[in-house]
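One-letter residues, chain by chain:
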Amino acid sequence: MRPSGTFPREWGKVVTGYFLRRVLQGLISIVGASIVIFFISRLSGDPIVLLLPTEAPPALIEQVRQEMGLNEPVWKQYLIFAGKALGGDFGKSYRWQAPALELVLDRLPATIGLALAALAFSILLAVPFGVLSAVYRGSLIDTLGKGFAMLGQAMPNFWVGLLLVLIFAIHLDVLPAYGTGSAAHVLMPAIALGWYPVAAQTRIVRSAMLDVLDSDYIRMGRAVGASERVLVWKYALRNAAIPLVTILGVYFAAMLGGAFVVETVFAWPGVGRTVVEAVFSRDFPVVQVGVLLTSILFVTSNLLVDLSYGFIDPRIRYDR
Amino acid sequence: MSRQALLRVENLRTHLFLKRGVLKAVDGVSLHVDEGETLGLVGESGSGKSMTSLSIMRLLPKQSGRIVDGNVWLDGTDLTSLPEDEMARDWRGRRVSMVSQDPMTSLNPVFTVGDQVGAPFRYHKLAQGARAVRDAVVKVLSRVRIPSPEKRLDNYPHQFSGGMRQRVVSAMAIACAPRLLIADEPTSNLDVTIQVQMIELFRELQRDSGLGIILITHDLGVAASICDRIAVMYAGRIVEVGDVRTMYRAAAHPYTQALLNSIPHLGQRKRRLYAIAGQPPSLIDPPVGCRFAPRCPRRTAKCDADYPPQVELAPGHVTACWHPGPGAVA
Amino acid sequence: MIRRSVLGLAAVLALAPMAASGQGTGTVTAGFGAESTMLDPVKYSAGVDHYFMGQMFEQLVRVNPEQRVVNWLAESWSVQEENGKPFIDVRLRKGVKFHNGDPLTSADFEFAYNKMRDPKISRWSHNQAEVERFEIVDDHHFRIRFKQADGNYIANFLQLWAVPKAYYERVGEAEFGKAPVGTGPWKFVSRTVKDEIRFEAFADYWNKDHRPKAEKLVIKVIPEDLTRVAAFKTGAIDFLDAVPLSMVEEFRKMPGVKTLTVVTGNNLFLNFNTHQEKSPFRDVRVRQAAAHAIDVDAIIKSVLFGQGERYVQVGKGGVGYDPELKPYAYDPKKARDLLRQAGFPQGFEIPCYNLTTPREPNVKEVGEAMFAYLTQAGIRCRVQGMEYAAWLNLARMGRNAPPEMDGVFSHMWSQNLPGDPGTAWAGHVHTFVPGKGWGSYSTTSDAEADTMIAELKLTMDPEKRAALARKIARYKHEKVLGGVPTYRPMVTFAWRTDKLDFTGWPYPGYWRGMQEVVVKK
């Protein structure tokens, strides 16, 4: 058996190689996504028609098309785009006539913040529900937990959002209906967005806990005299966290993508809204940058999740 | 009995309440263990030996298992009547502890060995403060002969070999200097050399501290080497009990004899190993008479009609059989 | 002596803030349902840009709350002729200042004209196509010389915006777009995209009679209807834009709240594929049948909760409005008769294209209702929903690729406020002439209509224009050319009476211009 090296140094060496490999894989995914989106968005239709007023003469339409480089074959357009992009120039938004990168970057923190808050909320509900459901398996608590989680999957997040606005902003007047600025502002959007994954996360925690609670080492812990509380919340939960962390990365990405509905309901100035509106108005540069940044976030969050395994599960530190 | 029995189990009945019915896993078991003595509890799987030990520790599955009758006296205290928090605080892992089957899975993979071995000290408040716990852990790890324990406190279970892990588990079990140690098939998954080491360790502990040990095993060879007495269980009941020599030389119950016959000997020239024909009876609906009868070479109508009473063949040698006596050696 | 001067000083100091803040205090907090993408008037692209732009920038003339076009930055103007070519002679108002203190002069309008006619800068450059040159006579007198008459120039409020030349050239286009400077009653303070825009009242605003009496204006962008309503109900905003149709009644009855319901300037109609040879709609009887088949009033009442105005060709108050002209009555029996006469006793099947993007509230539901009526009368609709871009693309003429607009099309074309059909009819009634800008979305081809519409373009005199437009409207109505008009959408605003007084100015800003808003103490 390998002797124990000091944890940080050994881990560092192995992780660097692994890390580099994953970053390379990530880069390939990102470039791939950018190509696909570039081609598909141009298939979706003609942005010029949307930009110019209806009575614009065809000559003007053609001229604008030429100016924007949209008359070139698509592959050529991509090369031009890629060339400029490597220099940091992602073009100007057709609609806003401002640099697309700036437009998207300015709104990105708001969406990331919202997605993180939603994720935190979902974990805050899923972990206790999942653990209690497992510990009191078959009981009323378990049934309630499952029912609650099912509700989460059945209710669409815009509906939850509107419901929250109705109850807490209009009727009870304890929370602001829209906008940003304080913790109170992020509460309802985070709940509306984080609602849906609670079901899946609860199920995962529950089944992981059930597995773990049945294990020999938990039995050993019990035999050694640990109280149920310590066994469940310290020794069992850490093991059950591993599958949960796996899907957290996926759900974070899902929340980034699904945020636009919640952003619209709560007038949250995020990137989701920006990109979706750009899709509808065929604002290709903004769509391109938006998708690019989102795919970078997605790849990064998955990478972080993978790296975090090493923190949670020491067995994994050495077998890359 | 002249010596005060460390452990006295009287008429223990443990039932498992399952969907398909009530399983009478332990159906009237009585035994005793003296200080410094090792009792071997032998039987095939499903005989109730693990359930007996779980009942003593009160570690039965919460939703389905329950001790429905009997008492378990340890040092004069009836463990079956204690409230759960007292049992956990003062007894389980402290005065009676357990080492279970598979060392590979008995340790929590995501916590350090230092944390896990320190756990019993923390729970039973035998060491206060991180420093004291650490010292106690190092001490007990050296006791189980783990080299350079102070360097390995931050290691994880997967960084230890199988044999080392078994020692770690044993360390957890003896950390609080228990009075009774229940070892449930502790050597079944280890190779022979490690088995020998484990056995030596247990004996040493026993010599030093008067520890009583119940060794649960299906391996009569291991039982012979370290047990003082052996109790044989079948279908939830003890069918024969006696000291080691008697059991191996003059076992009286047909089941015990069959078990002895199944041990392959070095130099044995047989094509097929002896196996006992048939299956143990259902414990949900056990038969009225002797439970081994269907598989017994000495079966008579009487055996099926009534359950045989306990018969003391010699001091300390008890069996429950209508036709006890030396059997044919196959 | 000293006491008097101290008192005097105190009085001056006390009054100074009031004078400096433009005789107003307090903040107007408004919630809009959409936001502008452009703040620079020479770069403005769509109607929604007026929402913000209209607070800061002004034109030579303006539509007042009574829907009459009045002189604004122009003290006076007239259409004159020289050598057979028309020109607009403009005398600029004196003493008008930009937000940065620069005085307004002819050079600023010339500057705007040069930018607005440049297709690289402006998306509406074609509107300046007939202008030959911009002639400055002096700082407050200029002439717009035309190659040939252009009635649309007059119809579109003389097109030009007051843009500060010196300032614009100094800071550059990008900076100007981020922090614009105009002559309007509100001065730009800050903006966060997708969130809000802030203004403060312009102390040196030229129009002392019609100006806001407030200190600050904050416009919050809240696209989701219910959230916007929630913001109003909880008091987070005091002025609510676009009350959801289903809640208008509730708001009208709300104590302490006043509402204003007005037409938005858009005109909806149903168009037909009369450009295709085999189309049943080539027969005027079939078109008339379609007009009789739909109960527009019922649709307005139930689907739009009454928030729609029936119109026939030109809306009330518009150029060419004819009170004598009545819409085709809802008469399904007559519709079926007409179909039979036209040779369709069993009716016929036809694709019907519906806009699903809510460019106007409930436009999808209205379309579905109209198609249901058509189906009942025998024009059996195969309804196809399309989102905005695809819908727009389908209606465009001159594409040499599928899809084909081969049926009924739920269409819209703004005639602006108070209403002038010139541009709209040039686009969807005049025959499509590739390369000339006529009929870019037109399936109609009628020689007489073409002649009249072309003449309308050349008519700059308002009275002659109105008369000609009426004539075209009647002709169009009888022959059901360029589709069947259905309704004009309406929008409702609401505000708290204990906080605000609001008078709606139609344009620019499409009623959202806070020209005359008063914050009550």
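Bear in mind the structure is a predicted one, so any value in this text is a computation, not a measurement.

The rules behind each value
Residues numbered from 1 in each chain as written. Chains lettered and ligands numbered in written order. Predicted model: local features only at pLDDT ≥ 70, side-chain atom pairs only at ≥ 80, totals over all residues. Heavy atoms only, no water. Contact = heavy atoms within 4.5 Å. Buried area = accessible area lost by both parts, 1.4 Å probe. Salt bridge = Lys/Arg side-chain N within 4 Å of Asp/Glu carboxyl O. Polar contact = N/O pair within 3.5 Å; in protein donor to acceptor, adjacent residues only side chain to side chain. Helix = DSSP H or I, 4+ residues; strand = E, 2+ residues; numbered from the N terminus. Nonpolar A, V, L, I, M, F, W, Y, C, P; charged D, E, K, R; others polar. Patch = residues over 30% accessible without salt bridge, like charges linked within 9 Å, V, L, I, M, F, W, Y side chains within 5 Å. Areas by Shrake-Rupley, 256 points an atom, 1.4 Å probe, with all protein chains shown as cover. Pairing = 2+ DSSP bridges. Axes fitted to C-alpha atoms, helices over the stretch in contact; angles between N-to-C directions. pLDDT = per-residue confidence, 0-100. Disulfide = S-S within 2.5 Å. Buried < 20%, exposed > 50% of the residue type's maximum accessible area, 1.4 Å probe, protein only. 1 Å grid on protein atoms, 1.4 Å probe; cavity = no way out; pocket = protein on both sides within 12 Å on 5 of 7 lines; lining within 4 Å. Points joined across faces, edges and corners; volume = space filled by probe spheres on them. Domains from an automatic or database assignment. Phe/Tyr/Trp six-rings, centres within 6.5 Å; stacked < 30°, edge-to-face > 60°. Lys NZ or Arg CZ within 6 Å of the ring centre and 35° of its normal.

Chemist: Help me out: how do you make sense of the interface of chain A and chain C in this one?
Modeler: Put simply, an interface is often sized by how much accessible area is lost when its parts join up. In this complex, chain A contributes 40 residues to the contact, which on the side of chain C involves 43 residues. Carbon and sulfur atoms supply 63% of the area that chain A and chain C bury against each other, a total of about 3700 Å² over both sides. Area buried by chain A at its contact with chain C is led by E55(A), W96(A) and Y178(A), which between them contribute 19% of it. Across the chain A-chain C interface, the total number found is 2 salt bridges. A salt bridge links K194(C) to E277(A), with the shortest nitrogen-to-oxygen separation between them at 2.9 Å. Across the contact surface, chain A and chain C share 6 residue pairs in polar contact (both at pLDDT 80 or more). Elements with a contribution of two residues or more to the side of chain A that touches chain C: α2 (47-51), α3 (58-67), α5 (100-135), α7 (157-171), α10 (228-265) and α11 (271-280) of chain A. Ranked by residues supplied to the side of chain A that touches chain C, first place goes to α3(A) with 5 residues. Along the lines of polarity and charge, the residues of the side of chain A that touches chain C split into 23 nonpolar, 7 polar and 10 charged.

Chemist: What am I meant to see in the interface of chain A and chain B here?
Modeler: Contacts between the two partners involve 25 residues from chain A and, on the opposite side, 29 residues from chain B. Carbon and sulfur atoms make up 60% of the surface buried where chain A meets chain B, a total of about 2500 Å² over both sides. K234(A) is the salt-bridge partner of D115(B), the closest N and O atoms lying 3.2 Å from each other. Between the two partners, chain A and chain B, sit 11 residue pairs in polar contact (both at pLDDT 80 or more). At the level of elements, α9 (216-223) and α10 of chain A are the ones that each hand at least two residues to the side of chain A that touches chain B. No other element matches the 7 residues that α10(A) contributes to the side of chain A that touches chain B. Residues that form the side of chain A that touches chain B fall into these classes: 11 nonpolar, 3 polar and 11 charged.

Chemist: Help me understand a nonpolar patch on the surface in this model?
Modeler: Nonpolar side chains collect at one region of the surface, where F158(A), W159(A), L163(A), L166(A), I167(A), L172(A) and V174(A) lie side by side and expose about 620 Å² of accessible area between them. Of note, W159(A) is situated in helix α7.

Chemist: Is there a simple way to think about the sheet that holds strand β6 (residues 96-99) of chain B in this case?
Modeler: Hydrogen bonding along the main chain pairs the strands of a sheet, whether they run parallel or antiparallel. All names here are of chain B. Strand order in the open sheet formed by 8 strands is β6-β7-β8-β3-β9-β10-β12-β11, and the pairing between neighbours is mixed. Because the sheet does not close on itself, it has two edges, and the strands there are β6 and β11 (310-314). Within this sheet the neighbouring strands show an average axis-to-axis angle of 20 degrees, counted without direction. Note that strand β9 (residues 229-234) and strand β10 (residues 237-243) share 6 bridges and pair antiparallel. Looking at β10, one finds that Y234 is bridged to R237. The strands touched by helix α5 (residues 162-174) within the sheet are β6 and β7 (180-184), with β6 carrying the most contacts at an inclination of about 170 degrees. Across the sheet, helix α9 (residues 254-262) touches β3 (38-42), β9 and β10, and the angle it forms with β9 is around 105 degrees.

Chemist: Explain the confidence of the model for chain C to me, please; I cannot follow it from the model alone.
Modeler: Detailed reading of the predicted coordinates is not advisable wherever pLDDT is low. All names here are of chain C. Within chain C, residue pLDDT values average 91, and 95% of them lie at 70 or more. Here residues 10-22 is a poorly scored stretch, pLDDT under 50, and it has 9 contacts once near neighbours within four places are set aside; other chains count. Taken over the whole predicted complex, pTM reads 0.78, whereas the ipTM for its chain interfaces reads 0.81.

Chemist: How should the state of the cysteines be read in this particular structure?
Modeler: The full count for this structure, using the stated rule, is 1 disulfide over all chains. The disulfide partner of C352(C) is C381(C), and the gap between their sulfur atoms is 2.1 Å. Where C352(C) bonds to C381(C) through sulfur, the torsion about that S-S bond is close to -65 degrees, and the disulfide is left-handed. Placement of the pair is C352(C) in strand β15 (residues 348-355) and C381(C) in strand β16 (residues 379-386), with a sequence separation of 29 residues. Here C352(C) and C381(C) have matching classes, each one buried. C290(B) takes part in no disulfide bond, and the closest cysteine sulfur, belonging to C303(B), lies 6.0 Å away. C296(B) carries a free sulfur, and the closest cysteine sulfur to it, the one in C321(B), is 6.0 Å from it.

Chemist: Before we go on, may I ask you to explain the layout of surface pockets in this structure?
Modeler: If a probe the size of a water molecule is rolled over the atoms, the empty space left behind becomes visible. Each pocket or cavity is described by its volume, and for the second largest pocket that value is around 1000 Å³. Around the second largest pocket sit 30 residues that line it, and R222(A), L60(B), P61(B), K62(B) and Q63(B) are the ones nearest its centre. Elements with a contribution of two residues or more to the lining of the second largest pocket: α5, α8 (183-213), α9 and α10 of chain A together with α1 (49-57), β4 (65-74) and α2 (84-91) of chain B.

Chemist: Whenever I open this one, the sheet that holds β4(B) confuses me. Can you help?
Modeler: Residue and element names in this part refer to chain B. The 4 strands are arranged β2-β1-β4-β5 in an open sheet whose pairing can be described as antiparallel. If you trace the sheet from one side to the other, it starts and ends with β2 (21-34) and β5 (77-78), each paired once. When β4 meets β5, the two strands line up antiparallel, connected through 2 bridges. Of the residues in β5, the one forming a bridge with W73 is D78. Relative to strand β1 (residues 5-18), α1 is tilted by about 110 degrees, and along the sheet it contacts β1, β2 and β4.

Chemist: How should the domain arrangement of chain C be read in this particular structure?
Modeler: Residues and elements named next belong to chain C. For chain C, the assigned domains are domain 1 (2-14 + 23-181 + 499-519) and domain 2 (268-489). Listed by partner, the interface residues are 20 residues for domain 1 and 12 residues for domain 2. Both sides of the domain 1 and domain 2 interface together cover about 1400 Å² of buried area, and 58% of this is carbon and sulfur. Summed over the shared surface of domain 1 and domain 2, the result is 1 salt bridge. Note that E130 is salt-bridged to K457, the shortest N-O span being 3.5 Å. At the junction of domain 1 with domain 2, the criterion picks out 4 residue pairs in polar contact (both at pLDDT 80 or more). The set of elements that each furnish at least two residues to the side of domain 1 that touches domain 2 consists of β5 (85-92) and α4 (151-155). Element by element, the count of residues in the side of domain 1 that touches domain 2 is highest for α4, at 4 residues.

Chemist: Is there a simple way to think about the pattern of salt bridges in this case?
Modeler: Side-chain pairing between opposite charges can occur once the charged atoms of the two side chains come close. All names here are of chain C. For the structure shown, the criterion picks out 54 salt bridges over all chains. Linking E196 and K220 is a salt bridge whose minimum nitrogen-to-oxygen distance equals 2.7 Å. Here the residue E196 occupies a position in strand β9 (residues 196-201), and K220 occupies one in strand β10 (residues 216-221), the gap between them amounting to 24 residues. Judged by its relative accessible area of 16%, K220 falls in the buried class. With its nearest N and O atoms 3.0 Å apart, the salt bridge here joins R512 to D241. Here R512, found in the loop between β19 (500-505) and β20 (513-519), pairs with D241, found in the loop between β11 (239-240) and α7 (248-253); they are 271 residues apart in sequence, far enough to count as distant. Judged on exposure class, the residue R512 and its partner D241 are both buried. Counted as one network, the salt bridges with shared partners bring together E82, D89, R133, E135, R143 and R145.

Chemist: I tried to follow the packing of aromatic side chains on my own but got confused; where do I start?
Modeler: Centre distance and the angle of the planes are the two values used to describe a pair of aromatic rings. Tallied over the full model, the rule gives 42 aromatic pairs over all chains. When the centroid spacing of 4.7 Å and the interplanar angle of 35 degrees are considered together, the rings of F157(C) and Y507(C) count as tilted. With a gap of 350 residues between them, F157(C) in the loop between α4 and α5 (165-178) and Y507(C) in the loop between β19 and β20 connect regions that are remote in the sequence. We note that F157(C), like Y507(C), is buried. Feature note: the residues F38(A), F39(A), Y78(A), F81(A) and F90(A) constitute an aromatic cluster, connected by ring pairs. Lying across the ring of W72(C), R62(C) places its NZ or CZ 5.0 Å from the centre.

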